[in-house]
Each structure stands twice: as C-alpha cells, then as structure tokens.
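# A look at the structure
Residue-level listing of the chains:
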Protein chains: 2
Amino acid sequence: MASIVLLTVKHTAQTKVKRCLGSHFKGLAGGNAPSVFLLSGNESLSRGLGLRFMSHGTAGRSAAGSTRTGALALGGAAAVTAAVVGFLANANHFQRAEMATKIPLKSKEEGDIAERCKGFMSAPVTDISVLEERKNEMSTRMEMMIMETQAEFCKALEEVDGGTFKVDKWQRKEGGGGISCVMQDGKVFEKAGVNVSVVFGYLTEEAAKQMRSRGKVLKGKDGKLPFCAMGVSSVIHPKNPHIPTVHFNYRYFEIEEEDGSKQWWFGGGTDLTPVYIDKKDAFHFHNTLKKACDKHHPKYYPEFKKWCDKYFYVRHRGETRGIGGIFFDDLDSPNQEEAFNFVKSCARTVVPCYLPIVKKHLNDSFTQDEKDWQQVRRGRYVEFNLVYDRGVKFGLATPGSRIESILMSLPLTARWEYMHKPVKGSREAEMLEVLRNPKEWV
Amino acid sequence: MASIVLLTVKHTAQTKVKRCLGSHFKGLAGGNAPSVFLLSGNESLSRGLGLRFMSHGTAGRSAAGSTRTGALALGGAAAVTAAVVGFLANANHFQRAEMATKIPLKSKEEGDIAERCKGFMSAPVTDISVLEERKNEMSTRMEMMIMETQAEFCKALEEVDGGTFKVDKWQRKEGGGGISCVMQDGKVFEKAGVNVSVVFGYLTEEAAKQMRSRGKVLKGKDGKLPFCAMGVSSVIHPKNPHIPTVHFNYRYFEIEEEDGSKQWWFGGGTDLTPVYIDKKDAFHFHNTLKKACDKHHPKYYPEFKKWCDKYFYVRHRGETRGIGGIFFDDLDSPNQEEAFNFVKSCARTVVPCYLPIVKKHLNDSFTQDEKDWQQVRRGRYVEFNLVYDRGVKFGLATPGSRIESILMSLPLTARWEYMHKPVKGSREAEMLEVLRNPKEWV
C-alpha cells in the first residue's frame, strides 16, 4: 500500500486503436506539462533476475538484468511530479506488443460497468460514463479489476474484524486520483489499508531527456508524453502476533508517443510478513500463489518468488522483510490479454492466500513477550519501507504527494530495542533464521 | 547519536609538527587501503547558509553555499568503508590553518591524562600510553574531551533516572572503535544513548578521484590518504511526554596528504525535540546555547540556529523535527585552538541545557492522549532519522557498519496514525504550528 511505484518503460506498441490515454487527457488543463503522476504500491523493479523466458517474437529481449537499465520512478496514490531514474525502450518489442493490443479480448466475467461499480468501496476514479464508453480498453478493464480487488479484500477484512473501513476519495489536481480505505485500531487489525489510484499526466522534460540518453527518442505531442497508471495496493497489520502482516500490489502502466505508439506493462506481487513461523501457513500462502501462477506459466512462481525475496531485503540487517511470496514488474508477455489475465489471477488470490491464515489464528492467545517481538519486527518493517522501498522514497521526495496514502503502510506501533537478540532455540530465533535464509515453501 | 557523520574536507594545514595521524596509523595493517572509517553523529552538512563571517586570511572563503560543493560521507560508531559524496579543498585556507596549528595552546584544565581517564565510562579508544605520548595534539585533546562529555552526560542522566548505562566498547577492524552507552526502559528514560567513536583509516581511490574532480589534487602516501575522525553523539528519549528528546553531536576530522599537509575541521550541534511547547524550556535551552556561542562569536548563535532549523527539516511533513538549537559543520576558524575551545564550550553546555528541563518535568502527570501524541511525534523522529539523516543513510548503506550504534537514535516505541490531525486550538496543534514555523526563542 505504500502508494508509490517505480514503473519501468520498455515496451512499445504501435497501434491505431483508440487509446485510453485519450479519454483521460481530454479533461486535462494544458499548463501542467512537466509533471507525471502515478501509482500505488511499495515495490519497484528488482533487476538482474533473468526473465528471458518471458520473451518471444522475432528478436527476443536479452536477460532482464541487461536490457533494463533504468526505471521511471513514479510517485503516487498522490499528486506527484516525475522522478525518472532511467529508461530503456527496446525496439524489438514493438511487434510483440502490437500483436497484443490487436487482441482486445474481454473475459466473459466483465459484465455491465454500472452494475459492477455498485459493489465498489466508492465510485471509481474515472467517470462511469467514460469507463462505459471505453469498456474494452485495458485501462478501463484494469481500473474495474483493481476496484473489485479493493472491494473484495476490504469486505473480507471487515467481515472478520467487525469494523468498517474509512473511505477517502481524493483527487490529484494534475489528473486522476484515488480511493484510500483504512481501518485503524480494529478488533483484529491494528492498521489495514487498501488503496486504489488511477493517475495520469505528462512526462517531464527531464524524464524525456533521460529517455533520449538511453538510446530511444520518444516524441510527445507538443513535447509532452502522456502517461496513465493505476494500481491497487494494501498492507494489513493485525494485532495478534500470530497473524502475519500481508502486503500486495497490482499495477498497470501506459505511455504514449506523438505518433500514437503506446508502451504498456504490468507489475505486482503479494508477500507475507509473519512474526512467528507457521510452516503450514507458509505453505498455504505460497502454494496458493503458485497455483495461480502455474495456470499461466510454469516459471512464473519460481522466478517471481526469487524476485520477491530479493526485493524485500533489509540489507543493513541481513534479513528479508518477511517470508516473501511473488514479485514481478515489467510484464508485457505473452500478450496484453494474457498478462492481464495473469495479474487478475494474482489479484483474485489475495483473499484465499490470506484470509484462511487470519481466521486460523484469530483466537490464538499470546504473551507480552510475543507482542514485544511483533513490535520489534514492526520496527524492521518500518526500516524497509522508509529506507529501501523505492516507491516510498520517491513519493516522499516528491512535492505534492499524498503523504498519508504513502505512509499508511507503516504500522500503528513499532519498537526498537538496542542489541535485541532472540534466545537461541526460541521461536523468535527460528523466525530470524528463516529471514536470513529464505526457504522454499512449496 | 545516529552514529554517522558527513564530514567535509576543505581546509589544509601545511605543518611540520608531528601529526596525530601518525600514531593511529602505526599499528594499522597495510592491506586495507580502500577503506575509510569514521564517526558518530546524525548530522551532515546543511549547505547554503552563509558562513562567510567565519573566514579570514588573505583570500577569504566565499559563502558556504558556493565554496562547499561536497562532503566526505563517513559511516561510523561503526566499522565502515568510505562513502565520498564530494570534496572541495580550498587552497586559500592553507595559511590560515597553518597559523592555527602553530599555536599548540593547551587549556589549563587539560591535566594528567591517566587521571582524567579514570572518570570515563570506559578506557578510551586510543591507548592511554599513546594519548600521553601525544597529549598536545588536537586528536588527543578532542578524544579526551568527547570521553569527558560522554561521562559527564551519562552520569547526570543516571543520577536523575536511578538506572545504569550499559557500556559497550567495540573495535573497528580497519582502525579505531567506539564506546556505546545505552540505558533502555529506565525510570525516566525510554531510551538514552551516548556514543563515542574514534576511527581512522585510508581514503578510497574513488574518494581521491572525487577530490581531484573538484579541482584539488590530493596526494597520499602510496596513493593512500590517511584520515582520523572522532566524535560524541547522543539521543535521549524520555518516557514522560512533558520531557523533550534531546540530541547532540560534536566531532573532529583530519586528513593527511603525502607531503604531510593536513586538513582539519570541527562540526556539531545540540537540538531539542519537545512533544509539547514550553516556552520557558525553549528559552532556557536556546539561551544557554546562545551564551556559550556568544563567548566565541556574536554570529555563531544566530547562524547556527538557522542552520539547525534547516538541517532538521522533515520535508514530506513540512515541519522541523523539533525546536532546534544549533548546528554547524566545517568549522576551522579563527584558528584550531579557538575552534576547539568553541566546540568544548558547546559540549559543556549539554548538561546545563537539558538537565534542568528534565528535572523540572520529572513528576509532571500526563494522560494517555498525551502519551499517544508523544508516540506520533516519535514516529516523525523515526521518519527524519531514516529518510533524511545523511549519516544514518550512509551508515546503513555501508557494509560492516555497527548498525546497533547507528540505530540507537531510534526511540524504543513509535506510532503512525493515518490522517492524524490535532484539534484546533489544542496544545498538540500549538506544537505543530511551531514546527511548521520555526521561532526565535531568545
């Protein structure tokens, strides 16, 4: 939920189809050129993991670690200006992505827009009339999907907690906005945040320069490069130390050039941060994710599991934030439809991944020592989010960000003890051992 | 106490006097060239504040904002490798600093080394025999002074709390070490840390390159540039929300070139972070600092007060961390003796600045709401230290740092509430108003 995302730009689709971006930009004032907008999520790209298997087409991508030399850093769930870390657009993907956008398949379950909106936590960011007008476009389908994910997850949490989410709908003056749902100090949850953001705007001149310096000239209309980004993200911190913290984020990004060519990709992931190891929980969580992944590609789970362990690493502690899950970015294969279907599968897995674990430990008793250990682990969670999470870092560095949405991923309470060391052989030591040496759970 | 410091390199002293660095390096193994060591403190340089008045000599320094283009980032209270952000050596200061080192005045109060060491929290980092052998050198005088400051402050805190500091003496394999004193969960103090570090080593090749790129070629013996840095730093988080948090750090740095020319400077500051505004406390704290500053230069207090407000600014919140105090870096004027005397005056002001405030509020009653507000402010303290403090950031990014010393500045407990907003007209709102608009207290 850390409400910020680093979105990478790599894939270009030359297409003549009506672009979602057009609809977003219709209502935009012309004077805010050097600003970019963005997304929610507390991940970013973790480079260096080979994702070559995801490539196909006449000229495949080289290993992710080498083709991807940078990222678009996009602050969000907030109004933000662009922070462009780097950029590489690979011309080899034109053909591939084009293929994808020529298959505007719509899954059967995507029914009447207005009807579906009734079940959301709030009206969507984009006007229902615009969504209806463009219901076959990926941006609409993704916005509907993330709104559904938010609603489904919030309702499942409300049911188990008995409390109610506070819903804040906010607008970003440069374009777009978001819906932040927060339940604080509930019966079961210390702090639960589920955030949707749908933002759009223009690439800064600096960002465009960065792109050019990476070997790809991107031309925008009147020097502006329109972007559109959206995502759902969440962090849930329960009170009981036997119920783990969960985090997930699923996001979609588009960028459009002057000639109408479009680049797009998906990113996301779900990961678990327990206070104590419960091997059955760990198996259930990872296995549920694996089954969702396996339906789409046999290598997704093993690769995205590794990527997750690598991304959520608290370097100065020499430990991972939790026991991982999956993490991916920059997904544009095998085609847009299938990539979307995969992301949808992942998003639909959030409730079955997490809720059975919550319910299982709902009435577990715990000691003050166990609560203290939870608080120490919460401190490490804060350390990761404030020190390493690229999304949070760029969000905080970006004037005009919605800070409350960015920092709603922080726990209600945390603790730092000098020289804290669990007793050898204790359950706390067992937890640390797992964080220091990530395991295969499935 | 955040145990890391960014130390700036600017001043060069050509001197033939026996250098402190020599003694430190005598015992160093030869194989660890590309590493630098360092210091404690959670400040760094805050650029842009004009300190022109501090210059003298034939060719004065231009305003600090323009002469100072970089900093040596030195991780410490820990074993660290060098992180060199930048560097500027100004040849105009040769003459000035030379003047200084030719006046090896020793204040009368600096008596017998062995006798003074008896009052310390631990044996000093440098062997007593080495300190005695080089008792007139600035590095020795500074090490003795920071050890005395640590002892004086720890004893004053122990007296008021009734608890005892845990003393950890640690070594840094590359050279030097430190003494970390921590009292946790005491009667009065939630977490109190007072840290000394005295570290030395060599400049990395990258660091040397950085220096050359800034217009000054620094030649080291066999390509190595010996450094020596030391400091005392502390953060005290009391339990009672009516007793403010205090932080201070005083530090000294030396670098030596092949021809024996030496650069040196001092840095430091003391600042207060109350949970509620007490104007009398604020006046007492600032006025005590002002009186110490005024003895040395009428512009020190006003300039260093501004610098402090600027450095301890939590940008994403639009508020300062606390109500400030003083902050300075890069102090090499009017001469080494007087600069040292000023730093000593500041260090001796810590107890009279803070302890009367602690004693005044020792038995103040407080409500749960007041405690909660303290915890929210503690959260902001964590945000500053993890997001902005350059010392912490470099320390965490530096493999081999003593993380526990770096992070002992974090409170025992902290809290993050979504959309926390004090009631209009409340004492919490009054505090926020002051943090958003720093005041003149004297």
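This is a predicted model, so every value here is computed, not measured.

The subject of this paragraph is the overall build of chain A. Secondary structure assignment for chain A yields 15 helices and 13 strands. Counting all 442 residues of chain A, 68% fall into the buried class. For chain A, contacts bridging at least 24 residues in sequence account for 79% of all contacts bridging at least 6. For chain A, the exposed surface amounts to about 15200 Å²; the carbon and sulfur share of it is 51%.

This next bit is on the interface of chain A and chain B. At the junction of the two partners, chain A supplies 31 residues and chain B supplies 32 residues. Taken over both partners, the interface formed by chain A and chain B buries close to 2900 Å², and the fraction arising from carbon and sulfur atoms is 58%. For the chain A face of the interface with chain B, the top three residues by lost area are Glu 404, Trp 416 and Tyr 418 of chain A, together amounting to 29%. At the boundary of chain A and chain B, one finds two salt bridges. Its salt-bridge partner being Glu 404 of chain A, residue Arg 317 of chain B comes within 3.5 Å of it at the nearest N-O pair. Scanning the region where chain A abuts chain B turns up 13 residue pairs in polar contact (both at pLDDT 80 or more). Those elements giving two or more residues to the side of chain A that touches chain B turn out to be β5 (176–184), α12 (368–388), α13 (390–397), α14 (403–406) and β13 (413–415) of chain A.

The next thing to look at is the sheet that holds strand β12 (residues 324–331) of chain A. Residue and element names in this part refer to chain A. Across the sheet, seven strands lie side by side as β4-β5-β6-β7-β8-β9-β12; this open sheet has antiparallel pairing. Single-partner strands in this sheet number two, and they are β4 (166–171) and β12. Taking the axes of each pair of neighbouring strands and ignoring which way they run, one obtains an average angle of 5° across the sheet. Both β4 and β5 contribute to a ladder of six bridges, which runs antiparallel. The residue of β5 that forms the bridge with Gln 171 is Gly 177.

Its rotation angle being 180°, the transformation that places chain A on chain B also includes 0.1 Å of axial translation and leaves an RMSD of 0.0 Å. In short, the pair behaves as if placed about a two-fold rotation axis. Measuring from the rotation axis to each C-alpha of chain A, the shortest distance belongs to Ala 414 of chain A, at 2.7 Å. Here 100% of the interface residues in chain A have copies in chain B that are interface residues too; the copies meet face to matching face.

Before going further, it helps to examine the pairing of strand β7 (residues 226–238) of chain A. Residues and elements named next belong to chain A. Burial within β7 is extensive, with 13 of its 13 residues counted as buried. Looking at chain direction, strand β6 (residues 189–202) and β7 are connected through 13 bridges and run antiparallel. Across the sheet, the residue bridging to Val 198 is Met 230, located in β7. As judged from the ten bridges shared by β7 and strand β8 (residues 245–256), these two strands associate in the antiparallel manner. Each bridged residue has a counterpart across the sheet, and for Ser 234 the counterpart in β8 is Phe 248. In textbook terms, the turn of a hairpin is the stretch between consecutive antiparallel strands, and for β7 and β8 this stretch comprises six residues.

With that settled, the discussion passes to the packing of aromatic side chains. Under the definition given, this model contains 44 aromatic pairs over all chains. Relative to Phe 312 of chain A, the ring of Tyr 311 of chain A lies with its centre 4.8 Å away and its plane at 90°, an arrangement referred to as edge-to-face. This pair shows no difference in class: Tyr 311 of chain A is buried, exactly as Phe 312 of chain A is. Aromatic side chains Trp 264 of chain B and Phe 266 of chain B sit 6.0 Å apart centroid to centroid with 70° between the ring planes, which places their arrangement in the edge-to-face category. For Trp 264 of chain B, a relative accessible area of 0% puts it in the buried group. Taking the relative accessible area as the measure of exposure, Phe 266 of chain B reaches 0% and is therefore buried.

Another point: the packing of helix α10 (residues 336–348) of chain A against helix α11 (residues 350–361) of chain A. Residue and element names in this part refer to chain A. Their axes nearest at 4 Å, the elements α10 and α11 cross at an angle of 15°. As the angle between them shows, α10 and α11 are arranged roughly parallel. Within the contact between the two elements, α10 uses Cys 346, Ala 347 and Arg 348 and α11 uses Val 350, Val 351 and Pro 352. When the residues that make up the contact of α10 with α11 are grouped by side-chain class, the tally is five nonpolar, no polar and one charged.

Another aspect to go through is a positive patch on the surface. A contiguous patch of positive charge, built from Arg 315, Arg 390 and Lys 393 of chain A together with Arg 315, Arg 390 and Lys 393 of chain B, is present on the exposed surface. Looking at the positive patch, the elements with two or more residues in it are α13 of chain A together with α13 (390–397) of chain B. Residue classification places Arg 315 of chain A among the partly exposed positions, given a relative accessible area of 47%.

Moving on to unusual backbone geometry. The omega torsion across Ser 333 of chain A and Pro 334 of chain A is 0°, close enough to zero to call that bond cis. Mapped onto the fold, Pro 334 of chain A is located in the loop between β12 and α10.

All names here are of chain A. With twelve of twelve residues buried, strand β9 (residues 262–273) lies mostly within the body of the structure. Residues Lys 262, Trp 264, Phe 266, Gly 268, Thr 270 and Leu 272 point to one face of β9 and Gln 263, Trp 265, Gly 267, Gly 269, Asp 271 and Thr 273 to the other, with burial holding for every one of them. Strand direction decides the pairing type here: β8 and β9, joined by twelve bridges, are antiparallel. Paired with Phe 248 across the strands is Thr 270, a residue of β9. By the bridge criterion, six bridges tie β9 to β12 in an arrangement that is antiparallel. For Phe 266, the partnering residue across the bridge sits in β12 and is Leu 331.

Our next topic: helix α6 (residues 138–161) of chain A. In this model α6 of chain A runs 34 Å from its N-terminal to its C-terminal C-alpha over 24 residues, within 8% of the 34 Å that 1.5 Å per residue would give. Of all 24 residues making up α6 of chain A, 20 are buried, and the element is well covered by its neighbours.

As a further point, take helix α9 (residues 300–311) of chain B. All names here are of chain B. Helix length check: α9 (twelve residues) gives 16 Å between terminal C-alpha atoms against 16 Å at 1.5 Å per residue, within 8%. Counting buried positions over the twelve residues of α9 gives nine, a clear majority of the element. Those residues of α9 that sit buried are Tyr 300, Tyr 301, Glu 303, Phe 304, Lys 305, Trp 307, Cys 308, Asp 309 and Tyr 311.

This brings us to the packing of α12 of chain A against α13 of chain A. Residue and element names in this part refer to chain A. Where α12 contacts α13, the axes come no closer than 6 Å and their chain directions differ by 60°. Between α12 and α13, the interaxial angle falls into the category oblique. On α13, the residues that touch Asn 385, Leu 386, Val 387 and Tyr 388 of α12 are Arg 390, Val 392, Lys 393 and Leu 396. Among the residues making up the contact of α12 with α13, the classes are represented as five nonpolar, one polar and two charged.

Residue and element names in this part refer to chain A. Mean pLDDT over chain A stands at 78; residues scoring 70 or higher make up 71%. Scored below 50 in pLDDT, residues 1–20 makes 146 contacts in the model with residues more than four places away or belonging to other chains. Prediction confidence for the complex, expressed as pTM and ipTM, is 0.80 and 0.79 respectively.

Cut-off values and rules
- Each chain has its residues counted from 1, following the order in which its sequence is written.
- Whichever chain is written first is A, and whichever ligand is written first is 1; the rest continue in order.
- It should be noted that, the model being predicted, local features are given only for residues of pLDDT at least 70 and side-chain atom pairs only at 80 or more, the latter also being counted only at that level, while totals for whole chains, interfaces and linings use all residues.
- Note: side-chain values were computed over all heavy atoms of the structure, leaving out hydrogens and water.
- Under the DSSP-based scheme used, a helix requires at least four consecutive residues in state H or I and a strand at least two consecutive residues in state E, with every element numbered from the N terminus.
- Note on classification: 1.4 Å probe, protein chains only; a residue is buried when its accessible area is under 20% of the maximum for its type, exposed when over 50%, partly exposed between these limits.
- Note on contacts: a residue pair is in contact if any heavy atoms of the two residues lie within 4.5 Å.
- For accessible areas, the Shrake-Rupley method is used with a probe of radius 1.4 Å. Any residue's cover is judged against the shown protein chains and nothing else.
- Buried area: the sum, over both parts, of the accessible surface (1.4 Å probe) that disappears when the two are put together.
- The salt bridge definition used is simple: a Lys or Arg side-chain nitrogen within 4 Å of an Asp or Glu carboxyl oxygen.
- Under the rule applied, a polar contact is a pair of N or O atoms within 3.5 Å (in protein, one hydrogen donor and one hydrogen acceptor; residues adjacent in sequence only if both atoms are side-chain atoms).
- Each pair of strands is called paired provided DSSP finds at least two bridges between the two strands.
- Angles run from 0 to 180 degrees between N-to-C directions of axes, and those axes are lines fitted to C-alpha atoms, restricted for helices to the stretch in contact.
- C-alpha atoms of residues with pLDDT of at least 70 in both copies form the basis for the least-squares superposition of the copies.
- For Phe, Tyr and Trp, where Trp contributes only its six-membered ring, two rings pair if their centres lie within 6.5 Å, and the inter-plane angle classes them as stacked under 30 degrees, edge-to-face over 60, or tilted in between.
- Orientation is classified from the angle alone, with under 35 degrees giving roughly parallel, over 145 giving roughly antiparallel, 65 to 115 giving roughly perpendicular, and any other angle giving oblique.
- Residues were grouped as follows: Ala, Val, Leu, Ile, Met, Phe, Trp, Tyr, Cys and Pro as nonpolar; Asp, Glu, Lys and Arg as charged; and all remaining residues, including Gly, as polar.
- Each patch is assembled from residues with relative accessible area greater than 30% and no salt bridge, linking like charges that lie within 9 Å and nonpolar side chains (Val, Leu, Ile, Met, Phe, Trp, Tyr) that lie within 5 Å.
- For the purpose of counting charges, residues Lys and Arg are taken to be positive, whereas Asp and Glu are taken to be negative. His and the chain ends are not included.
- A charge is said to be at NZ when it belongs to Lys, at CZ for Arg, at CG for Asp and at CD for Glu.
- Helix span, as expected, comes to 1.5 Å for every residue beyond the first.
- The predictor rates its confidence in each residue with pLDDT, a number between 0 and 100.

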